[in-house]
Amino acid sequence: HNERCRDCKESVKDLLIATFGSVEVNYDIDLPSRLEDYTNTTIYSDLEKIYQAIVKNRGFDEFVKSKKLPRVDFCIPKNNIIIEFDESQHFTKPREISFTHYSNKKQYGYSTEKWLNLCRELNKKDNDPPYRDEQRAWYDTLRDFAPFLWGSGYTIRLYSRDLVWCSLNPKNKSDVNLFKKILNNKET
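In this text, all values refer to a predicted model and were calculated from it rather than measured experimentally.

Trainee: Would you explain the nonpolar core in this entry?
Mentor: Across soluble globular proteins, you tend to see nonpolar side chains buried next to one another. By size, the foremost hydrophobic cluster in this structure holds 33 residues, and its most contacted members are Ile 29, Leu 47, Phe 63 and Trp 138. The element best represented in this core is helix α5 (residues 132-150), accounting for six residues. In this view, Leu 47 contacts Leu 35, Tyr 38, Trp 138, Thr 141, Leu 142 and Phe 145; residues no more than four positions away in its chain are not counted. Formed by 19 residues, the second largest nonpolar core is a distinct cluster that contains Cys 8, Ile 83, Trp 165 and Leu 168.

What follows is the structure, encoded as structure tokens:
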């Protein structure tokens, strides 16, 4: 078993359905990906600090290649809940840098402290293309901040290595209850 297990993502989808009644997979939240598109929003000042810090790290300043934010792993649109399934390549230096600029006055749908520590511990690198870590950190940040833009909801992040997710059965009440606990426990 490994963190890229397709059955794990399928199990997460089925558990989300058991929890929320429905889920959108590979969902387009229809947001822009460029910093300047957020200029007149409530999240611009936070995003600008994060973006500038990511750029300053290695000097890459052209890592936003699409006008639109790529799709999220899962979404519950009626509740404005985004669920991302993070494999280890998400835990990089640029992502660590982004977390150091997250406001502790905001409530996130997961433990940003745990994710920050995983970035420091794992310190993964994906340099194909050379700016890939910056790009992934930026897009993940935008997904985390989308609910603040909407005024409701939150982003939940699940770490692929926290469990053998495919071992959870969406038809088993205790497994569904465990999953609900994980979703509600921001320490996961």
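Trainee: What's the story with the pattern of salt bridges in this structure? I'm lost.
Mentor: Applying the stated criterion across every chain, the model contains 19 salt bridges. Two residues, Asp 14 and Lys 13, come together in a salt bridge whose shortest N-O distance is 3.7 Å. As a salt-bridge pair, Lys 68 and Asp 30 come within 3.5 Å of each other at their nearest N and O atoms. Here Lys 68, found in the loop between α2 (44-58) and β2 (72-76), pairs with Asp 30, found in the loop between β1 (24-27) and α2; they are 38 residues apart in sequence, far enough to count as distant. Bridged by salt links that share partners, the residues Glu 84, Asp 86, Arg 95, Asp 140, Arg 143, Asp 144 and Arg 157 form one connected network.

Trainee: Would you mind showing me how to read unusual backbone geometry here?
Mentor: Trans peptide bonds make up most of the peptide bonds, and negative phi angles are found at most residues other than glycine. That bond from Asp 128 to Pro 129 is cis: its omega, 5°, falls within 30 degrees of zero. Note that Pro 129 resides in the loop between α4 (112-122) and α5. Located in the positive-phi region is Asp 30, a residue other than glycine, with phi close to 55°. On the basis of relative accessibility, which here comes to 54%, the residue Asp 30 falls in the exposed class. Here Asn 123, not a glycine, exhibits a phi torsion of approximately 45°, which is positive.

Trainee: Would you mind going over the sheet that holds β2 with me for this structure?
Mentor: Adjacent strands of a sheet form backbone hydrogen bonds with each other and so pair up, either parallel or antiparallel. Ordered by their spatial adjacency, four strands build an open sheet running β1-β2-β3-β4, and the pairing between neighbours is mixed. Looking at the sheet topology across the chains shown, the edges are occupied by β1 and β4 (154-159). On average, adjacent strands in this sheet sit at an angle of 30° to one another, irrespective of strand direction. Contacts from α4 reach β3 (81-86) and β4 within the one sheet, and its direction differs from that of β4 by about 40°. Along the sheet, α5 makes contact with β2, β3 and β4, crossing β4 at roughly 150°.

Trainee: Just checking my understanding: could you explain the environment of Trp 115 for this structure?
Mentor: For Trp 115, the position within the fold is in helix α4. You can call Trp 115 buried: its relative accessible area is 0%. For the pair formed by Trp 115 and Tyr 159, sequence separation is 44 residues and the distance between their alpha carbons is 8.8 Å.

Trainee: Would you mind going over the packing of helix α1 (residues 6-20) against helix α6 (residues 173-184) with me for this structure?
Mentor: Angle between the axes and distance between the axes are the two parameters that describe a pair of packed helices. Packing of α1 against α6 brings their axes to within 10 Å, and their N-to-C directions diverge by 90°. Here α1 lies roughly perpendicular to α6, going by the angle between them. For the pair α1 and α6, contact is made by Val 12, Leu 15, Leu 16, Ala 18, Thr 19 and Phe 20 and by Asp 175, Val 176, Phe 179, Lys 180 and Leu 183, respectively. In terms of residue class, the contact of α1 with α6 is made up of eight nonpolar, one polar and two charged.

Trainee: Before we go on, may I ask you to explain α5 in this structure?
Mentor: One turn of the α-helix equals 3.6 residues, which is why residues spaced by three or four share an orientation. Its 19 residues give α5 an end-to-end C-alpha distance of 27 Å, which sits within 8% of 27 Å, the value for a rise of 1.5 Å per residue. The largest bend along α5 reaches roughly 35° and is located at Asp 144, with the proline Pro 147 sitting one to four residues downstream. Of all the 19 residues making up α5, 15 are buried; the element is thus mostly covered by neighbouring parts of the structure. Of the residues flanking the end of α5, it is Gly 151, one or two places downstream, whose phi is positive at about 85°.

The rules behind each value
- Residues numbered from 1 in each chain as written.
- Predicted model: local features only at pLDDT ≥ 70, side-chain atom pairs only at ≥ 80, totals over all residues.
- Heavy atoms only, no water.
- Core = buried A, V, L, I, M, F, W, Y, C linked by side-chain atoms within 4.5 Å.
- Buried < 20%, exposed > 50% of the residue type's maximum accessible area, 1.4 Å probe, protein only.
- Helix = DSSP H or I, 4+ residues; strand = E, 2+ residues; numbered from the N terminus.
- Contact = heavy atoms within 4.5 Å.
- Salt bridge = Lys/Arg side-chain N within 4 Å of Asp/Glu carboxyl O.
- Pairing = 2+ DSSP bridges.
- Axes fitted to C-alpha atoms, helices over the stretch in contact; angles between N-to-C directions.
- Parallel < 35°, antiparallel > 145°, perpendicular 65-115°, else oblique.
- Nonpolar A, V, L, I, M, F, W, Y, C, P; charged D, E, K, R; others polar.
- Expected span 1.5 Å × (residues − 1).
- Bend = angle between axes of the 7 residues up to and from the residue.

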